[in-house]
Amino acid sequence: MAVPKVCGIETEYGIVLRGGDSNPILASSMLVNAYVQRHGKHDIASRPTSVSWDFDDESPANDARGWTPLGSMPPEVETHLVNAVLTNGARYYVDHAHPEYSSPECRTPLSATLYDRAGERVMVASMEAVKATLAPGQEIVVYKNNSDGRGNSYGTHENYLMDRSVPFSRIVNSIIPFFVTRQIFTGSGKIGTEYPGAPTEVPFQITQRADFFEEEVGLETTLKRPIVNTRDEPHSDAQRYRRLHVITGDATMSEYATFLKLGTTAIVLAMIEDEAFESRALSLVSAVSAMRWVSWDLSLKSPLELVDGRHMTALEIQWEYLRFAQKYANERGLDAIDPTGVQGPQLLSMWEEILTDLERDPLLTADRLDWTAKLRLFEAYRDRHGLPWTDAKVRALGLQWHEVRPDKSLGLRQPWRRVLHEADIDAAVTEPPRDTRAYFRGKCLQKFSPWITAANWDSLVFDLGSDPLRRVPMMEPLKGTAELVDSLLEGCDTPAELLLRLGG
């Protein structure tokens, strides 16, 4: 059976310093530091404490193929930039020139969607906190988008727990057509194109990321971006697991779209693990060019050439994946997605409904999908004012869509169909998920942060003052849950007691 699809999202936010010299690295550092200073846990001396990131296990050059082509440039580990670990189990740090929020590990797609929305709240709180450090007339603003319109793209990466025994080639062959075509419901919409060789006019397209992919498979994430990323850092027991690092997705303001993206992808990956899907059934002749054509085709009717000589649209390919998923669910169930048995059927229903509506008229999905909601809003604005897509006012709307401050954001003010509750989002800003190891990480930070010197996804490092540093490994993503550690944590008044009981 497929392993549980523990998942999460890493979002790099666009950032602007208004009213001053725009140094994005400095601005990002100020943003993270301000949040930690205002919202970090306090020790008995009432001084803010921050737990930094432990880089010992970082290995971005490891390639899932077992070899790395000459000339590959894996991401650099930037240990000198600001890093913090939050009490909800998330990582909040500066990645290159962006503030990045990496959600805690989540057992279900809905939980991962919840913690992605919590990341937006962290950003809003950070902008409020940093005001006190800025000169009069200055402000730092962040945007949940993926392109600056000047040829630069930054990621919204997904992560999924996978069984190490599944051949990586099978994952690649089976998932590429899905990644190419899922854009029709995961895209956040974009004005124009940044692909220099566009053979046709592209006033508006479905996704922000499609212009920037150059390879089918590869290690890089910022140059020569691949559809399937081969970075092999499981952040868990490497003998049992791998982490599929997905870089093809957009940042979406609709939580419905985020849930659909995470859930359908998790279902397809479970099918691949259980060999319930023919790996080459939908292989594309040119997946890289198909990424762009799917994004540019607002009608969803352009055919894509398959290796076996057939031609299918992105919608038709998605229908095929859905039919496989429905058969898989009937025969084997969807416990790998959600052990309660609730989210799997819900996702299949949402998937079928969204494909049906996209087939009838894409704008019927404007209450659920970013790109169609954005298209409808912008078209109405253009018609009302007689403006071309290239007008500066229209492009300004494109940026305002991705603001994360609710009173400023066009994207957050849409009448979306909801899947989450506001109170749950607020709680997730500080509280970790209860059903993964993130619970142990977050609760230890809440209770013992003055004695924790560093943390990462699979360990905590304690400093009790007299003894050597003590590392507590957390190699199993589904251990450290509330069910397993609540009584342990409640029974320990000091970190020394905790370590003694863990050692025993």
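Structure: above.
Residues numbered from 1 in each chain as written. Predicted model: local features only at pLDDT ≥ 70, side-chain atom pairs only at ≥ 80, totals over all residues. Heavy atoms only, no water.

A.B. asks: So what's going on with the sheet that holds strand β13 (residues 241–246)? Residues and values would help.
C.D. replies: Taken together, six strands build an open sheet; the order of strands is β4-β5-β6-β1-β8-β13 and the sheet is antiparallel. Each of the sheet's edge strands pairs with one partner strand only, and the pair in question is β4 (83–85) and β13. Averaged over all pairs of adjacent strands, the angle between their axes in this sheet comes to 20°, without regard to strand direction. As paired strands, strand β5 (residues 91–95) and strand β6 (residues 98–102) are joined by five bridges and run antiparallel to one another. Its bridge partner lying in β6, R91 is registered against S102. Sitting on the sheet, helix α3 (residues 168–181) is in contact with β8 (156–163) and β13, with an inclination near 30° to β13. Of the strands in this sheet, β1 (7–12), β8 and β13 are in contact with helix α5 (residues 255–273), which crosses β8 at around 30°. (Pairing = 2+ DSSP bridges. Helix = DSSP H or I, 4+ residues; strand = E, 2+ residues; numbered from the N terminus. Axes fitted to C-alpha atoms, helices over the stretch in contact; angles between N-to-C directions. Contact = heavy atoms within 4.5 Å.)

A.B. asks: Could you give an account of the packing of aromatic side chains, with specific residues and numbers?
C.D. replies: Between two aromatic rings, the relevant description is the distance of the centres plus the angle of the planes. Counted under the stated rule, the structure contains eleven aromatic pairs. Ring centres of F277 and F324 lie 4.8 Å apart, and the angle between their planes is 80°; on these two criteria the pair is classed as edge-to-face. One end of the pair, F277, is in the loop between α5 and α6 (287–296); the other, F324, is in helix α7 (residues 314–332), and 47 residues separate them in sequence. Exposure remark for F277: the relative accessible area of 8% places this residue in the buried category. On the basis of relative accessibility, which here comes to 24%, the residue F324 falls in the partly exposed class. Measuring from ring centre to ring centre gives 6.2 Å for F378 and W401, while their planes differ by 90°; the resulting arrangement is edge-to-face. Residue F378 is located in helix α9 (residues 370–385), and its partner W401 is located in the loop between α10 (392–400) and α11 (422–428); the two are separated by 23 residues in the primary sequence. A single burial state applies to F378 and to W401, both of which are buried. (Phe/Tyr/Trp six-rings, centres within 6.5 Å; stacked < 30°, edge-to-face > 60°. Buried < 20%, exposed > 50% of the residue type's maximum accessible area, 1.4 Å probe, protein only.)

A.B. asks: An account of the packing of α7 against helix α8 (residues 343–360) is requested, with residue identities and associated values reported.
C.D. replies: For the pair α7 and α8, interaxial distance at closest approach is 11 Å and the crossing angle is 155°. When the interaxial angle is binned, α7 and α8 end up roughly antiparallel. You can see that α7 and α8 cross each other, and the crossing is left-handed. Contact residues: α7 offers L315, Q318, W319, Y321, L322, A325, Q326 and A329, while α8 offers L348, W351, E352, L355, T356, L358 and E359. (Parallel < 35°, antiparallel > 145°, perpendicular 65-115°, else oblique. Left-handed = near helix turned anticlockwise from the far one by under 90°.)

A.B. asks: Lay out the pattern of salt bridges with the relevant residues and their values.
C.D. replies: Summed over all chains, the structure comprises 37 salt bridges. We note a salt bridge from K190 to D211, for which the minimum N-O separation is 3.1 Å. Taken together, the residues span a long stretch of sequence, with K190 in strand β9 (residues 190–191) and D211 in the loop between β10 (204–205) and β11 (213–218) at a distance of 21 residues. D211 matches K190 in its accessibility class, with the two residues each being buried. Residue R405 is joined to E403 by a salt bridge in which the shortest nitrogen-to-oxygen separation is 2.7 Å. For the residue pair R405 and E403, the accessibility class agrees, reading buried in each case. (Salt bridge = Lys/Arg side-chain N within 4 Å of Asp/Glu carboxyl O.)

A.B. asks: An account of the environment of R292 is requested, with residue identities and associated values reported.
C.D. replies: Along the chain, the position of R292 falls in helix α6. In this structure R292 comes out as buried when scored by relative accessible area, which is 10%. Separated by 94 residues in sequence, R292 and A198 place their C-alpha atoms 8.9 Å apart. In this view, R292 contacts Y195, A210, D211 and F213; residues no more than four positions away in its chain are not counted.

A.B. asks: Residues and numbers for the side chain of T265, please.
C.D. replies: Its place among the elements puts T265 in helix α5. The class of T265 is buried, set by a relative accessible area of 0%. Within the structure, the side chain of T265 is placed 2.7 Å from the backbone oxygen of K261, a separation counted as a polar contact. Sequence-distant contacts of T265, that is, excluding residues within four places in its chain, are made with E158, Y160, F178, F179 and R182. (Polar contact = N/O pair within 3.5 Å; in protein donor to acceptor, adjacent residues only side chain to side chain.)

A.B. asks: How would you sum up helix α13 (residues 482–490)? Please name residues and give values.
C.D. replies: Among all positions in α13, only A482, V485, D486, L488 and L489 are buried. Along its buried surface, α13 packs onto α12 (438–448) and α14 (495–503).

A.B. asks: Lay out the layout of surface pockets with the relevant residues and their values.
C.D. replies: Taken as a whole, the second largest pocket holds about 290 Å³ of empty space. Along the wall of the second largest pocket there are 16 residues; nearest its centre are F440, V472, P473, M474 and L502. If you tally residues by element for the lining of the second largest pocket, the top one is strand β18 (residues 470–473), at four residues. Considered class by class, the residues forming the lining of the second largest pocket number nine nonpolar, two polar and five charged. (1 Å grid on protein atoms, 1.4 Å probe; cavity = no way out; pocket = protein on both sides within 12 Å on 5 of 7 lines; lining within 4 Å. Points joined across faces, edges and corners; volume = space filled by probe spheres on them. Nonpolar A, V, L, I, M, F, W, Y, C, P; charged D, E, K, R; others polar.)

A.B. asks: Explain α10 residue by residue, including any values.
C.D. replies: For α10, the full list of buried residues reads V394, L397 and G398. The buried residues of α10 occupy an angular sector of 105° when the element is viewed end-on, so they sit on one face. The outward face of α10, more than 90 degrees from its buried face, is lined by the exposed residues A392 and K393. Close packing links the buried residues of α10 with β9 and α9. Sitting at the amino-terminal end of α10 is D391, which places a side-chain oxygen 2.8 Å from the backbone nitrogen of K393. (Arc of directions from axis to C-beta.)

A.B. asks: Can you tell me about the pairing of β5, naming the residues and giving the values?
C.D. replies: Among the five residues in β5, five count as buried, and that is most of the element. Here β5 shows no split at all, with R91, Y93 and D95 on one side and Y92 and V94 on the other all buried. One ladder, built from three bridges, connects β4 with β5; its direction is antiparallel. In the strand pairing of β5, N83 is matched with Y93. Here β5 folds back onto β6, and the loop between the two strands holds two residues, one of which, H96, carries a positive phi near 55°.

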